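Listed below are the residues making up each chain.
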Amino acid sequence: MAIHWFKYASPASFYGLAGRMIPWFAGAAVVTTLIGLYVGLVLAPTDFQQGDSYRIIYIHVPAAWMGMFTYLVMAGWAAAGVVFNTRLSGMMVQALAPTGAMFTFVALWTGAFWGRPTWGTYWVWDARLTSTLILFFLYIGYMALRASIDDPRRADRAGAVLTLVGVVNIPIIYFSVQWWNTLHQGASVRPGSSSMATVMLTGMLVMAVAAWMYTIAISLARVRSIIIEREQHSAWVGELLASEGHDAVAGTSRGAMGSNQQGTR
Amino acid sequence: MKPRQKRMAIIGGGLAALAVVAALVLNAFEDNLLFFFSPTQVYAKEAPLDRPFRIGGLVEAGSVKREADGLTVAFKVTDTAKVVPVTYKGILPDLFQEGKGVVARGRLGPDGIFRADQVLARHDENYMPPEAAYALDQAKKSQGSVVAPAGGYGK
Amino acid sequence: MNWSSFSDFLAMGGYAFFVWMSYGVTALLVAAEVIWVVKQRRQSLARALVQRKIREWSST
């Protein structure tokens, strides 16, 4: 098994593996999003105290979870990159950051539009909201740091340090509503228990799965471009370009999401 | 030590050091991170009297009184131990309700009345259809029990 | 089914502005990210191809 995994740690074989996995995750993302939206927006009843404004939860909570979880995955890849010194690790961190930032922004944005009708304000500086804003700045900071360093391998190392330092913020976000007095309410869903009606909970969990599928599909698609850019002088990229590069440039390829068999060699 | 083990040791040590630093910083900022004070904390003189602060708790049932101008509201904030009277002139959020959570920002006057310039509703983490909430309410009434507020107000 | 009509659904019990601002902006951001990733793939392939051609030319 170990040999199997290390084989895919090389960008060349991971490129092909990612290409074969993308259609499945993208398809799963579309299907789960449609089911989740149907359950959340059509089937689920109105909430007893918040009326229909609570329906923002179907985006807000999955986005907030994904924003935090993506950061943990980035930190995992960053740690692996520092320990094993593999090229793929830095590329994965690079590929995950924009999606993590996007979901964190969505959590902040939808939270504002949820807070206004329920709490009476778009924003307050309580511990939960402030620490989530810090998470967004960590993502932005990582991308800015990468952009400022020309050598990709040095950017990997600097980015890994920033990512690992910032990981302390994740438990702070998660436990902020327990550790301090916050305007934000406590967690509705905790391991083993929930304070939501079943239909509502189902819709939210399906949307959370959709966010996972989307993040996997989009970051695999992005890492393929990053691999091409960073490995363009290698022999295998040369063969790849000879077989599909012209098509892609001419715009007649199956596109970024399309599977391809060339990457497997 | 192999280079790999050395790198792992450095990362582990670095993260441990960071965790300690973060814990110290958070401890130092604990007071500033308190978004609101409970009535009990206000009575214990933990809240600043010389500058505006926030008070949080439940709106005491039966305490909401509207003045003749239709804008000024008086109500009492409770954490089930202590009660602080509040006055506020302005529009209340939709979820402002007796028996529900509230966070008000303002100053505590020498007369013991908290004059708020902003009132926010603090809802709990329960989500259910109105029928289920009604059924739950009826069940509670028939038992005659008092259920502690969810979410934990004050310490 | 929670709604009696489509306009009832759109009105979101009076919270239409807040609900649709949340869902709309999220949909826009997701669409923008997908388009960006597709473009990025075309560009990275094109750039790698040009680099390779330049190297082939200069070596002959």
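Residues numbered from 1 in each chain as written. Chains lettered and ligands numbered in written order. Predicted model: local features only at pLDDT ≥ 70, side-chain atom pairs only at ≥ 80, totals over all residues. Heavy atoms only, no water.

1. Points about the overall build of chain C
Link 1 in the chain: The helix and strand inventory of chain C stands at two helices and zero strands.
Link 2 in the chain: For chain C, whose C-alpha radius of gyration is 23 Å, the value lies well above the compact-globule estimate of 10 Å for 60 residues.
Link 3 in the chain: With the C-alpha coordinates aligned to their principal axes, the bounding extent of chain C is approximately 75 × 20 × 10 Å.
Link 4 in the chain: Relative to its full complement of 60 residues, chain C shows a buried share of 32%.
Link 5 in the chain: With an accessible surface of roughly 3,800 Å², chain C has 70% of that area assigned to carbon and sulfur atoms. (Helix = DSSP H or I, 4+ residues; strand = E, 2+ residues; numbered from the N terminus. Rg over C-alpha atoms; globule rule 2.2 N^0.38 Å. Buried < 20%, exposed > 50% of the residue type's maximum accessible area, 1.4 Å probe, protein only. Areas by Shrake-Rupley, 256 points an atom, 1.4 Å probe, with all protein chains shown as cover.)

2. Observations regarding the interface of chain A and chain C
Link 1 in the chain: Counting from both sides, the interface comprises 50 residues of chain A and, opposite them, 36 residues of chain C.
Link 2 in the chain: The junction of chain A with chain C conceals about 3,900 Å² of combined surface from both sides, 66% of it contributed by carbon and sulfur atoms.
Link 3 in the chain: Taken together, chain A and chain C are joined by two salt bridges.
Link 4 in the chain: A salt bridge links Arg222 of chain A to Glu33 of chain C; the shortest N-O distance between them is 2.7 Å.
Link 5 in the chain: Our enumeration of links across chain A and chain C arrives at 13 residue pairs in polar contact (both at pLDDT 80 or more).
Link 6 in the chain: Sorting the residues of the side of chain A that touches chain C by element identifies helix H2 (11-43), helix H3 (57-84), helix H4 (87-118), helix H8 (198-230) and helix H9 (235-250) of chain A as the ones contributing at least two each.
Link 7 in the chain: Residues of the side of chain A that touches chain C, tallied by class, amount to 27 nonpolar, 16 polar and seven charged. (Contact = heavy atoms within 4.5 Å. Buried area = accessible area lost by both parts, 1.4 Å probe. Salt bridge = Lys/Arg side-chain N within 4 Å of Asp/Glu carboxyl O. Polar contact = N/O pair within 3.5 Å; in protein donor to acceptor, adjacent residues only side chain to side chain. Nonpolar A, V, L, I, M, F, W, Y, C, P; charged D, E, K, R; others polar.)

3. As for the interface of chain B and chain A
Link 1 in the chain: Counting residues at the interface gives 34 residues for chain B and 41 residues for chain A.
Link 2 in the chain: Counting the surface lost from both chain B and chain A, the interface buries some 3,400 Å², and carbon and sulfur atoms represent 63% of this.
Link 3 in the chain: At the surface where chain B touches chain A, the tally comes to zero salt bridges.
Link 4 in the chain: Between chain B and chain A we count 15 residue pairs in polar contact (both at pLDDT 80 or more) in total.
Link 5 in the chain: Looking at the side of chain B that touches chain A, the elements with two or more residues in it are helix H1 (3-33), strand S6 (114-122) and helix H3 (130-143) of chain B.
Link 6 in the chain: Tallying contributions element by element places H1 of chain B first for the side of chain B that touches chain A, with nine residues.
Link 7 in the chain: By residue class, the composition of the side of chain B that touches chain A is 20 nonpolar, five polar and nine charged.

4. Description of H2 of chain A
Link 1 in the chain: Compared with the 48 Å implied by 1.5 Å per residue over 33 residues, the 44 Å span of H2 of chain A between its first and last C-alpha is a close match.
Link 2 in the chain: In H2 of chain A, a bend of some 35° at Met21 of chain A exceeds every other bend along the element, and Pro23 of chain A, a proline, comes one to four places later. (Expected span 1.5 Å × (residues − 1). Bend = angle between axes of the 7 residues up to and from the residue.)

5. Here we look at the domain arrangement of chain B
Link 1 in the chain: Domain annotation of chain B identifies domain 1 (1-31) and domain 2 (34-122).
Link 2 in the chain: Taken over C-alpha atoms, the centre of domain 1 of chain B sits 41 Å from the centre of domain 2 of chain B. (Domains from an automatic or database assignment.)

6. Some remarks on the pattern of salt bridges
All names here are of chain A.
Link 1 in the chain: All chains considered together, the criterion is met by nine salt bridges over all chains.
Link 2 in the chain: Taking the shortest distance from any N to any O, the salt bridge between Asp156 and Arg153 comes out at 3.6 Å. Residue Asp156 and its partner Arg153 are both found in helix H6 (residues 152-166); the two are separated by three residues, about one turn of the helix.

7. Topic: the packing of aromatic side chains
Link 1 in the chain: Taken as a whole and judged by the stated rule, the model has 25 aromatic pairs over all chains.
Link 2 in the chain: Aromatic side chains Phe105 of chain A and Trp109 of chain A sit 6.0 Å apart centroid to centroid with 25° between the ring planes, which places their arrangement in the stacked category. One end of the pair, Phe105 of chain A, and the other, Trp109 of chain A, are both in helix H4, four residues apart, so they sit about a helical turn from each other.
Link 3 in the chain: Note on Trp109 of chain A: relative accessible area 25%, which makes it partly exposed.
Link 4 in the chain: When the centroid spacing of 5.6 Å and the interplanar angle of 75° are considered together, the rings of Phe113 of chain A and Tyr122 of chain A count as edge-to-face.
Link 5 in the chain: An aromatic cluster is present here, built from Phe105, Trp109, Phe113, Tyr122, Phe136 and Phe137 of chain A together with Phe17 and Phe18 of chain C joined pairwise through their rings.
Link 6 in the chain: Its end group placed over the ring of Tyr15 of chain A, Arg224 of chain A keeps NZ or CZ at 4.2 Å from the ring centre.
Link 7 in the chain: Above the plane of the ring of Tyr43 of chain B lies Lys82 of chain B, whose end atom (NZ or CZ) is 5.3 Å from the centre. (Phe/Tyr/Trp six-rings, centres within 6.5 Å; stacked < 30°, edge-to-face > 60°. Lys NZ or Arg CZ within 6 Å of the ring centre and 35° of its normal.)

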